[in-house]
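This is what each chain is made of:
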There are 6 protein chains.
Amino acid sequence: MRSDGREPGRLRPVAIAVGVNKYAEGSVLIEAGDTKVLCTASVEERVPPFMKGQGKGWVTAEYSMLPRATHTRSQRESQRGKVNGRTMEIQRLIGRALRSVVNLQALGERTITLDCDVLQADGGTRTTSITGSFVALALAVAKIDARSPFAVYPITDFLASTSVGIIDGEPRLDLHYEEDSRAKVDMNLVMTGGGAFVELQGTGEEEPFSREELNRLLSLGEQGILELIDIQQMALGAAGARIGTARA
Amino acid sequence: MRSDGREPGRLRPVAIAVGVNKYAEGSVLIEAGDTKVLCTASVEERVPPFMKGQGKGWVTAEYSMLPRATHTRSQRESQRGKVNGRTMEIQRLIGRALRSVVNLQALGERTITLDCDVLQADGGTRTTSITGSFVALALAVAKIDARSPFAVYPITDFLASTSVGIIDGEPRLDLHYEEDSRAKVDMNLVMTGGGAFVELQGTGEEEPFSREELNRLLSLGEQGILELIDIQQMALGAAGARIGTARA
Amino acid sequence: MRSDGREPGRLRPVAIAVGVNKYAEGSVLIEAGDTKVLCTASVEERVPPFMKGQGKGWVTAEYSMLPRATHTRSQRESQRGKVNGRTMEIQRLIGRALRSVVNLQALGERTITLDCDVLQADGGTRTTSITGSFVALALAVAKIDARSPFAVYPITDFLASTSVGIIDGEPRLDLHYEEDSRAKVDMNLVMTGGGAFVELQGTGEEEPFSREELNRLLSLGEQGILELIDIQQMALGAAGARIGTARA
Amino acid sequence: MRSDGREPGRLRPVAIAVGVNKYAEGSVLIEAGDTKVLCTASVEERVPPFMKGQGKGWVTAEYSMLPRATHTRSQRESQRGKVNGRTMEIQRLIGRALRSVVNLQALGERTITLDCDVLQADGGTRTTSITGSFVALALAVAKIDARSPFAVYPITDFLASTSVGIIDGEPRLDLHYEEDSRAKVDMNLVMTGGGAFVELQGTGEEEPFSREELNRLLSLGEQGILELIDIQQMALGAAGARIGTARA
Amino acid sequence: MRSDGREPGRLRPVAIAVGVNKYAEGSVLIEAGDTKVLCTASVEERVPPFMKGQGKGWVTAEYSMLPRATHTRSQRESQRGKVNGRTMEIQRLIGRALRSVVNLQALGERTITLDCDVLQADGGTRTTSITGSFVALALAVAKIDARSPFAVYPITDFLASTSVGIIDGEPRLDLHYEEDSRAKVDMNLVMTGGGAFVELQGTGEEEPFSREELNRLLSLGEQGILELIDIQQMALGAAGARIGTARA
Amino acid sequence: MRSDGREPGRLRPVAIAVGVNKYAEGSVLIEAGDTKVLCTASVEERVPPFMKGQGKGWVTAEYSMLPRATHTRSQRESQRGKVNGRTMEIQRLIGRALRSVVNLQALGERTITLDCDVLQADGGTRTTSITGSFVALALAVAKIDARSPFAVYPITDFLASTSVGIIDGEPRLDLHYEEDSRAKVDMNLVMTGGGAFVELQGTGEEEPFSREELNRLLSLGEQGILELIDIQQMALGAAGARIGTARA
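Residues numbered from 1 in each chain as written. Chains lettered and ligands numbered in written order. Predicted model: local features only at pLDDT ≥ 70, side-chain atom pairs only at ≥ 80, totals over all residues. Heavy atoms only, no water.

Draft legend 1. Summary view of the UniProt feature "domain: Exoribonuclease phosphorolytic" (unreviewed entry) in chain A. Within this structure's numbering, the places UniProt gives as "domain: Exoribonuclease phosphorolytic" (unreviewed entry) are residues 11-140 and 158-223 of chain A. Structurally, residues 11-140 of chain A comprises 30% helix and 31% strand, and the distance from its first C-alpha atom to its last is 27 Å. (UniProt positions renumbered as here; feature names shortened; annotations may be inferred. Helix = DSSP H or I, 4+ residues; strand = E, 2+ residues; numbered from the N terminus.)

Rendered as structure tokens:
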């Protein structure tokens, strides 16, 4: 039995509240157990220099933890004067993952920036940020679409993320902090609504893992992500209606 | 009539939710109209180098706005690599104001750091941060006191803050963003429960102001701060009971 | 009696030498007791990006202390790689104060930068910087005017600044360093020649202050500022002749 | 046929020259096709602050590209004043991977830093850095062992890395730059001599991939890594003799 | 004839005012023509980490130009967030030059920091800084000596610096800004009272120079430096009396 | 006898390998004894902002040491977040020296950047960088010339550099690290093929030097530089053929 009473293959309770910020084009407060992330999508009608003149849009992400999101307070990156490696790694991952389900051509010359600010952290902040920011992104795109419908809808599929790991020899889904810090093997998965892999990052720093263990973890993760996508669909309601129509 | 329908001397609706972060020793989500600030108090059993060996504690604050707290997204200070002047000015103000009602000797050799993170900004973020972080501070001190009662209670009085200004020739209390950007004269007040001034920062960049105008603004501010202190007392409940006993 | 023998309501001796830098459009060495600040005004025929295309000018300030301006040497901000909060706060204040007596429309699309470099510090460096840099600004504007007269003179009034505080229960004018560090209440005032307030920053970190105390400090400050403006007028001579004519 | 004439399942020619730096405790110049990386291992008899007092050692890595390692010159990170996200991500990966085959307890209180400097880049610089720096690490450990033999040998297994990807619908091993930039799916694998996974990072930013595709890529990678480990063993010679004895 | 009417072999008028800062252990305002540098010497009773435990002292220098020391205003290094290469080069030169006439053993475990702040620049700021800061250093050492006499006097000789260059084919002494910017060959010399070279930095970026030209420049420089040392001796008076006694 | 068995007036063995980088327009690996520097020349068809619109080109240099180029590992400047003074001084010297033999007018509006990366350091890294980067520069210019011949050849002369110093009272040529750290007097010379001085930087921090000592050092250096230029000519072969023709 896990320390919070869950079965090995169960997600933590997930809640997605939409429209939580009155300025952002899309906004979401996502809670997965005690992990809480505020995700906002900001639309700007221009693209970064390296994308100019291609007639394509851009989607990018930034990630940050509030200083007291964790058990003990950590120093602000703004005070340290630089962003640490972990933060960069995570925000690059979020951006890359979201872009995999966006048709940048169809989006047109605009940038959507997803800000994922972790209000409280209990493990899985990067996967929760991906799951939440997909919804914020979808809300922002639906808002643009409502004003001036896209010929080809720029979001091509749903996208969600979760973690899996091996703790005490047992494969488990959606690790909370205490499990995460004890896991011998730890893997983050990002998948589409169509069941394909977008990102797969597994690490066995403590103990290398076999191909068989890998397969068991992948199966656990697939099932969790499908559940998360159901929750995203409910949260989006009508704003999710055009997603996927372009690929049928 | 003001754009949100308030009388010149009325505060915006204020709500203070306590205990919103499961790790912080004190935490508050304060809303003043559409301005929302998350305030956490973190206790560490050590003092910064410049306070060492004096047998006294320290209270300090940090302030930050989420990138999309405002109408248009602003760049993160962590990405720019430095904290801007406005942020520094505000966090120095919050720390100084809170220390004015803390007996650092009585607090003992520990540091309490107040983090004020603005989730949504509609004017008055610095005054709302002071009002909210006083409550977070009081909760953290009450928590220490519950574990091991202070001989002399380290919080000596209540403390709250609001803004006043002259808009269209009319003195008004608690400016929201649109008023703040049009105000000819703009003043932030911090006062104690005992009705004394702790900070008073008035600026007439657009138009200098007379002593008579100053007096009208001060009266308006005093009354607003007393209301805010009533709300703080309700939010604190029993956790506010020992405040002020040391001064009687 | 004060440690330097002054009455509570007396300024320190003030000397303003003009034209001390051969390159700057306006330059001043101001001494207030042992506090010495070199103020230069530099005119550039362009405005910062955020002011472009408005047909208006800009006035801004930078402030810095030489490393050995103080009792013990302090590290250069250029070596630390960042400007500290106190410096930012002060230079924002100087710029804001000066702009309150400048008609930016009348100034035209140019920027005047005031550099205030403290050669020796004995309290009141920010107020002395304001008083001195007003003169440097007025010299630079007079120089432009001599070359090509302004239709509307861009300086609308005189402007000076001083500090007041409560030391040993006594309100005093123009604090030197030793008084400043012992003051329970400490206030900086910026006022115009017309006797109106431009900035008022009072702090009672050590001890909150009553409205009556505030009133006594304001009266003391007003009188000191009028004296400083007399000295500015003498230093400026003919270069100050057009100031105020636009408002009559 | 691939642009360099290789079969889909063939590695590029790999050469590992050892002892290329006269100061470093271990040093290697590794060439994989036109990718050339200089790897040095530096031993220090102390550990970083967060490892102090645990009686354990530490292994860490830094990665950098010379400015003209690539087709067009890129700015030095030292000139930009900060390390970019890609660099941080890579050096974190190298360190984590190497630590997975080091018994830090057996290593004792010392730090080994692997510097991977890319002299010329033609794809696969991170995987080549891992393969090369493992050899540099093994040389440094053998050198310590020669002076004073370890009771338990701190390197527990061989370790190498390669990339796999899907280009034009075909799974291929060890991508060079031109393939890497066209790959729809791209995966880096790190494995031990014992055939277990240490790191697995796959990304389908351009096109999500199925579980079947994943399986084909893993098989291709496994075979390449075993070949690389053979080459490492030849390069190490006697210096590799004690590796693996601790796990038998 | 030179643009300021000097003969090729003449220095600009030099004035050295001592005791210009009431806090610094030694202070000097040196003027060489229109170049004005404020030099302060600050004594601290500790040495930097790399000098600890050797029973020796340290002498170091920092150099900076006020933003409007030059024809057009330049950005503060504190605002840019880093010290530029020219500044570093100059302050390293000043420190190295001064240390050549200091017996660090005799100085004892203390640090003397020379701050050279250029108030107005008209060429030769680095050489003027050396000449001026030697006097500030000598004043500080004399002050320590007065309190507690040194067994061996730590200053072993006088030290001054000037520039020479070839302008319009003519070797000239002590270049002002306009000459400096037109010089084909430009050389800075630092010499001792005993007539030996301490630093010699010549550059012919515009046009290489022959050994014969070099010799003519060196002769010109030697003579100028002897004149400067006479002026230093007058400025120091009794404070210079013990210099050189240790070497006789 | 010197520690490596050389006569006082002998250079270390020098080897220059060209074409060592497949992307750079010119590249060289230069070895002088155990000092090894990789020099690449990168051509860009634009000039830096301060050179725009003058119809002239620009030549600049960057210098860096790999962390383990030295006996003990030193921290990367990219990790420290800033370039140190020594690095800046050296790269400014390299750029200035190379420009002295380049006709920027004849080069046309393009920039050539020389990157000097020290792979292993045993003294003389700055002089070896100059000698090597001249060859890389000459290769890049010859490559441009081959594609589209210059009317006036932009390289006006050969250029090389070496060090000289006084060790144990003896003037010596081309100091290695151990000599460099013991030298009382230390001088770097840069000269042209025509035998003229371009840079001359001598320092007697440990002990001032006389004019006679200077003359002996200059003679030693001249002879060494002529030998280096012979080696450069051999390394360049046909690519050096047009150098100097413009000046005949």
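Draft legend 2. Fine view of the side chain of Arg2(F). Residue and element names in this part refer to chain F. With respect to the helices and strands, Arg2 occurs in the segment before strand E1 (14-18). At 3.1 Å, the side chain of Arg2 and the backbone oxygen of Pro8 are in polar contact. A polar contact is formed between the side chain of Arg2 and the side chain of Glu179, at a distance of 2.8 Å. (Polar contact = N/O pair within 3.5 Å; in protein donor to acceptor, adjacent residues only side chain to side chain.)

Draft legend 3. Fine view of the interface of chain C and chain E. Listed as interface residues are 38 residues of chain C and, on the opposing side, 38 residues of chain E. Across the interface of chain C and chain E, roughly 3000 Å² is buried in total on both sides, 44% from carbon and sulfur atoms. Here chain C is connected to chain E by 14 salt bridges. Of the charged contacts in the structure, one is a salt bridge between Arg73(E) and Glu62(C), with a shortest N-O distance of 3.1 Å. (Contact = heavy atoms within 4.5 Å. Buried area = accessible area lost by both parts, 1.4 Å probe. Salt bridge = Lys/Arg side-chain N within 4 Å of Asp/Glu carboxyl O.)

Draft legend 4. Examining the sheet that holds strand E1 (residues 14-18) of chain A more closely. Residue and element names in this part refer to chain A. Across the sheet, five strands lie side by side as E1-E2-E3-E5-E4; this open sheet has mixed pairing. On the outer flanks of this sheet lie E1 and strand E4 (58-65), each paired with one strand and no other. Across this sheet, the average inter-strand angle for adjacent strands is 15 degrees, counted without regard to direction. When strand E2 (residues 26-32) meets strand E3 (residues 35-44), the two strands line up antiparallel, connected through seven bridges. Note on E3: the bridge partner recorded for Val28 is Cys39. Contacts from helix H2 (residues 85-99) reach E4 and strand E5 (111-120), with the element oriented near 145 degrees to E4. Contacts from helix H4 (residues 125-147) reach E1, E2, E3, E4 and E5 within the one sheet, and its direction differs from that of E3 by about 35 degrees. (Pairing = 2+ DSSP bridges. Axes fitted to C-alpha atoms, helices over the stretch in contact; angles between N-to-C directions.)

Draft legend 5. Up close: the packing of aromatic side chains. Residue and element names in this part refer to chain D. Counted by the stated rule, this structure contains 24 aromatic pairs over all chains. The interplanar angle of 90 degrees and the centroid separation of 6.1 Å between the aromatic rings of Phe150 and Tyr153 together place this pair among those described as edge-to-face. The class of Tyr153 is buried, set by a relative accessible area of 2%. (Phe/Tyr/Trp six-rings, centres within 6.5 Å; stacked < 30°, edge-to-face > 60°. Buried < 20%, exposed > 50% of the residue type's maximum accessible area, 1.4 Å probe, protein only.)

Draft legend 6. View of the pairing of strand E4 (residues 58-65) of chain B. Summarising the sheet, E4(B) and strand E5 (residues 111-120) of chain B pair through eight bridges and their orientation is parallel. The residue bridging Ala61(B) from the neighbouring strand is Leu114(B), located in E5(B).

Draft legend 7. Expanded view of the sheet that holds strand E3 (residues 35-44) of chain F. Residue and element names in this part refer to chain F. Strand order across the open sheet formed by five strands is E1-E2-E3-E5-E4, with mixed pairing between neighbours. Edge positions in the sheet fall to E1 and strand E4 (58-65), since each has one partner strand and no second. Each adjacent strand pair in this sheet contributes to an overall mean axis angle of 15 degrees, direction not counted. Of the strands in this sheet, E1, strand E2 (26-32), E3, E4 and strand E5 (111-120) are in contact with helix H4 (residues 125-147), which crosses E3 at around 35 degrees.

Draft legend 8. Summary view of the arrangement of the chains. The two partners chain A and chain E share no contact, and the minimum distance between any of their C-alpha atoms is 11 Å. Here chain B and chain F are not in contact; the least distance found between their C-alpha atoms is 11 Å.

Draft legend 9. A look at the layout of surface pockets. The computed volume of the second largest pocket comes to approximately 1400 Å³. Lining the second largest pocket are 43 residues; nearest its centre among them are Arg96(B), Asp180(C), Asp186(C), Thr203(C) and Glu205(C). Elements represented by at least two residues in the lining of the second largest pocket include exactly helix H2 (85-99) and strand E9 (197-203) of chain B together with strand E4 (58-65), helix H2 (85-99), helix H4 (125-147), helix H5 (177-182), strand E8 (185-192) and strand E9 (197-203) of chain C. (1 Å grid on protein atoms, 1.4 Å probe; cavity = no way out; pocket = protein on both sides within 12 Å on 5 of 7 lines; lining within 4 Å. Points joined across faces, edges and corners; volume = space filled by probe spheres on them.)

Draft legend 10. Summary view of the side chain of Thr111(D). Residue and element names in this part refer to chain D. Along the polypeptide, Thr111 turns up in strand E5 (residues 111-120). Within the structure, the side chain of Thr111 is placed 2.5 Å from the backbone oxygen of Arg46, a separation counted as a polar contact. Residues in contact with Thr111, not counting those within four places in the same chain, are Ser42, Val43, Glu44, Arg46, Val47, Pro48, Trp58 and Thr60.

Draft legend 11. The arrangement of the environment of Val37(F) in detail. All names here are of chain F. Position of Val37 relative to the elements: it lies in strand E3. The class for Val37 is buried, based on a relative accessible area of 0%. Along the chain, Val37 and Thr113 lie 76 residues apart, while their C-alpha atoms are 15 Å from each other. Dropping the residues within four chain positions of it, Val37 is found in contact with Val28, Leu29, Ile30, Cys116, Asp117, Val118, Leu119, Thr125, Thr128 and Ser129.

Draft legend 12. Layout of the packing of helix H6 (residues 211-236) of chain B against helix H6 (residues 211-236) of chain C. Running from N to C, H6(B) and H6(C) point in directions that differ by 155 degrees, and their axes come no closer than 13 Å. The orientation of H6(B) with respect to H6(C), classified from their angle, is roughly antiparallel. For the pair H6(B) and H6(C), the crossing hand works out as right-handed. In contact with Arg211(B), Leu214(B), Asn215(B), Leu218(B), Ser219(B) and Glu222(B) of H6(B), H6(C) contributes Arg211(C), Leu214(C), Asn215(C), Leu218(C), Ser219(C) and Glu222(C). The residue inventory of the contact of H6(B) with H6(C), partitioned by class, reads four nonpolar, four polar and four charged. (Parallel < 35°, antiparallel > 145°, perpendicular 65-115°, else oblique. Left-handed = near helix turned anticlockwise from the far one by under 90°. Nonpolar A, V, L, I, M, F, W, Y, C, P; charged D, E, K, R; others polar.)

Draft legend 13. Fine view of the relation of the copies chain C and chain E. For these two chains of identical sequence, chain C goes onto chain E by a turn of 180 degrees and a shift of 0.0 Å along the axis, with RMSD 0.0 Å. Taken together, these values place the two copies in the relation of a two-fold axis. Residue Ser78(C) of chain C places its C-alpha closer to the rotation axis than any other residue of that unit, at 1.9 Å. Most of the interface of chain C is mirrored in chain E, where 100% of its interface residues are also at the interface. (Least-squares fit on C-alpha atoms with pLDDT ≥ 70 in both.)

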